[in-house]
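Single-letter residue listing:
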Amino acid sequence: MSLSEDIHTFIAADTRDDARFDSLARGLFEHQCASIPLVKALAMRAGVTPSAVRHWRDIPAVPSAAFKASTLFGGEASTRTFTSSGTSGASKSQSVFSEAGLELMGLAVRVNASRWLFPDGRATRILVLAPSPRMAPHMIMAWGMAELIGEFGLEGSRFLIGPEGMDAKAVVTELMGAAQDGVPITLIGASFGFVHLLDGLAEAGIQIDSAKGSRTMDAGGYKGRSRELTRAELDNAITTHLGVPRERAVNLLGMTELASQFYDGVLVQGVHTPRRKQNPPWTRTIAVAPDTLAPVAPGERGLLVHVDLANIERPAFVRTDDVGFVDGDGFHVLGRASGADSRGCSLSVEELV
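Residues numbered from 1 in each chain as written. Predicted model: local features only at pLDDT ≥ 70, side-chain atom pairs only at ≥ 80, totals over all residues. Heavy atoms only, no water.

Participant: Tell me about the packing of aromatic side chains, and name the residues and values.
Facilitator: Overall, the coordinates contain six aromatic pairs when judged by the stated rule. Aromatic pair Phe82 and Phe97: ring centres 5.4 Å apart, planes at 80°, arrangement edge-to-face. In this pair, Phe82 is assigned in strand 2 (residues 80-83) and Phe97 in strand 3 (residues 94-97), connecting sequence segments 15 residues apart. The two residues Phe82 and Phe97 agree in class, both being buried. An aromatic cluster of three or more residues is present, and its members are Phe82, Phe97 and Trp143. Between Arg284 and the ring centre of Phe21, over which it is positioned, the NZ or CZ distance is 4.1 Å. Between the NZ or CZ atom of Arg314 and the centre of the ring of Phe97, over which it lies, the distance is 3.7 Å. (Phe/Tyr/Trp six-rings, centres within 6.5 Å; stacked < 30°, edge-to-face > 60°. Helix = DSSP H or I, 4+ residues; strand = E, 2+ residues; numbered from the N terminus. Buried < 20%, exposed > 50% of the residue type's maximum accessible area, 1.4 Å probe, protein only. Lys NZ or Arg CZ within 6 Å of the ring centre and 35° of its normal.)

What follows is the structure in structure tokens.
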């Protein structure tokens with residue numbers, strides 16, 4: 001089989017296999033050295049060749065900032081380009097996909113959600129506090145949520161952000177209607193969108209008793225678009241105003257630069273304090289020292305590096321500016337690195353591009 005077929009089979013199996021992951025990761029590094037010039041340039045500057053790599057941890061990671069400075073695409077004909085939300089006037093990360101790349105990402109989205117968002121196998125009405133892919137074709141979250149609706153959504157599942165923004169009355173009508181009909185819902189949206197909705201419900205004195213089996217999934221943080229809440233505050237507000245217990249309020253970490261996402265394990269493992277993000281079997285996360293970029297021990301904080309085999313057409317080894325630490329088969333995010341912390345001895349993006 002081809003490397004793409006091997007990775008497809010590995011993701012579909014959804015089984016952790018360290019030896020198989022290592023083999024596929026090293027094969028993917030060799031493939032990307034040949035197909036993505038920046039990956040090859042980074043490897044040459046680091047003195048690492050595919051033939052010399054003995055373990056995936058030895059492979060140099062591309063800094064996430066490189067996705068803002070260059071089009072990093074090693075596939076065939078490009079079909080879709082997603083961009084990060086960014087801030088006004090700021091450069092945005094971009095990820096380019098072919099049809100085959102979209103198919104592989106769709107598989108990763110569905111398999112991952114089946115384990116961490118719908119482990120009970122329950123179909124729900126999925127309501128998304130975001131614009132549809134048709135309205136926002138460059139939003140990778142919207143594309144992924146459409147995949148969830150197609151795979152897990154009951155009739156009536158839909159996106160709730162229209163051309164004029166969020167119609168709060170329509171959202172409340174949808175939520176109350178589902179509760180009255182006894183239909184479990186999965187309410188999905190950016191964390192700041194939840195804050196706006198929950199604040200509105202609180203102001204109106206509305207408390208919805210969502211049907212048994214309902215759940216929420218928030219992602220993306222606050223980005224200065226709402227007041228910030230701690231995890232406990234958000235969980236309490238979701239329980240109070242939506243009737244969803246905190247052990248069914250899931251948080252997701254996604255990146256435009258990656259094809260896979262990282263759920264916390266709350267629906268499967270119960271509530272952790274703080275919650276740990278889970279690595280699906282086709283991903284790995286390590287923390288590296290900001291000054292040397294050498295891996296640090298589990299539990300020790302550093303810059304997080306994610307390896308995503310579903311990122312076959314874009315750099316699969318990505319070093320972020322997130323500070324965190326590894327915990328078993330998952331990790332914790334503590335915050336963002338300062339400019340000085342993330343600079344270290346790494347090559348500048350300008351040198352690489």
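Participant: For the environment of Glu99, give the residues involved together with the corresponding values.
Facilitator: One can find Glu99 in helix 5 (residues 99-116). Since its relative accessible area comes to 53%, Glu99 is described here as exposed. For the pair Glu99 and Pro184, spaced 85 residues apart in sequence, the C-alpha separation works out to 33 Å.

Participant: Describe the pairing of strand 15 (residues 317-327), naming the residues involved and giving the relevant values.
Facilitator: When you tally the buried positions in strand 15, you get eight out of eleven residues, the bulk of the element. Here strand 1 (residues 62-63) runs beside strand 15; their pairing, made up of two bridges, is parallel. Bridge pairing in strand 15 links Pro63 to Arg319. Relative to strand 15, strand 14 (residues 302-308) runs antiparallel, the two sharing five bridges. Directly across from His306, in strand 15, lies its bridge partner Val318. Pairing analysis gives six bridges linking strand 15 to strand 16 (residues 330-336), with the strands arranged antiparallel. Note on strand 16: the bridge partner recorded for Val326 is Phe331. In sequence, strand 15 turns back onto strand 16 through a hairpin of two residues, with Gly328 there showing a positive phi of about 65°. (Pairing = 2+ DSSP bridges.)

Participant: Can you tell me about the side chain of Asn279, naming the residues and giving the values?
Facilitator: On the secondary structure map, Asn279 appears in the loop between strand 12 (277-278) and strand 13 (283-288). Accessibility expressed as a relative area gives 9% for Asn279, which makes it buried. Polar contacts involving the side chain of Asn279 include one to the side chain of Thr283, which spans 3.0 Å. A polar side-chain atom of Asn279 sits 3.0 Å from a polar atom in the side chain of Thr285. If we ignore the near neighbours within four places in the chain, the residues touching Asn279 are Phe262, Arg284, Thr285, Asp329, Gly330 and Phe331. (Polar contact = N/O pair within 3.5 Å; in protein donor to acceptor, adjacent residues only side chain to side chain. Contact = heavy atoms within 4.5 Å.)

Participant: Which residues make up the packing of helix 8 (residues 191-204) against helix 9 (residues 231-242), and what values do they have?
Facilitator: Here helix 8 crosses helix 9 at 50°, and the two axes come no closer than 10 Å. One way to sum up the angle between helix 8 and helix 9 is to call them oblique. Classified by chirality, the crossing of helix 9 by helix 8 is left-handed. Side by side, helix 8 and helix 9 meet where Phe194, Leu198, Leu201 and Ala202 of the first sit next to Leu234, Ala237, Ile238, His241 and Leu242 of the second. The residue inventory of the contact of helix 8 with helix 9, partitioned by class, reads eight nonpolar, one polar and no charged. (Axes fitted to C-alpha atoms, helices over the stretch in contact; angles between N-to-C directions. Parallel < 35°, antiparallel > 145°, perpendicular 65-115°, else oblique. Left-handed = near helix turned anticlockwise from the far one by under 90°. Nonpolar A, V, L, I, M, F, W, Y, C, P; charged D, E, K, R; others polar.)

Participant: Quick one: what's the story with the nonpolar core, residue by residue and with numbers?
Facilitator: In terms of nonpolar packing, the biggest core is built from 78 residues, with Phe29, Met105, Leu117, Leu148, Met217, Tyr263 and Leu309 touching the most fellow members. Ranked by residue count, the leading element in this core is helix 5, at nine residues. Filtering out sequence-adjacent residues up to four positions away, Phe29 remains in contact with Val39, Ala43, Val48, Thr49, Pro50, Val53, Ile59, Pro60 and Phe317. Leu175, Ile185, Val195 and Leu234 belong to the second largest nonpolar core, which has 23 residues in total. (Core = buried A, V, L, I, M, F, W, Y, C linked by side-chain atoms within 4.5 Å.)

Taken by themselves, the reported measurements are silent on function.
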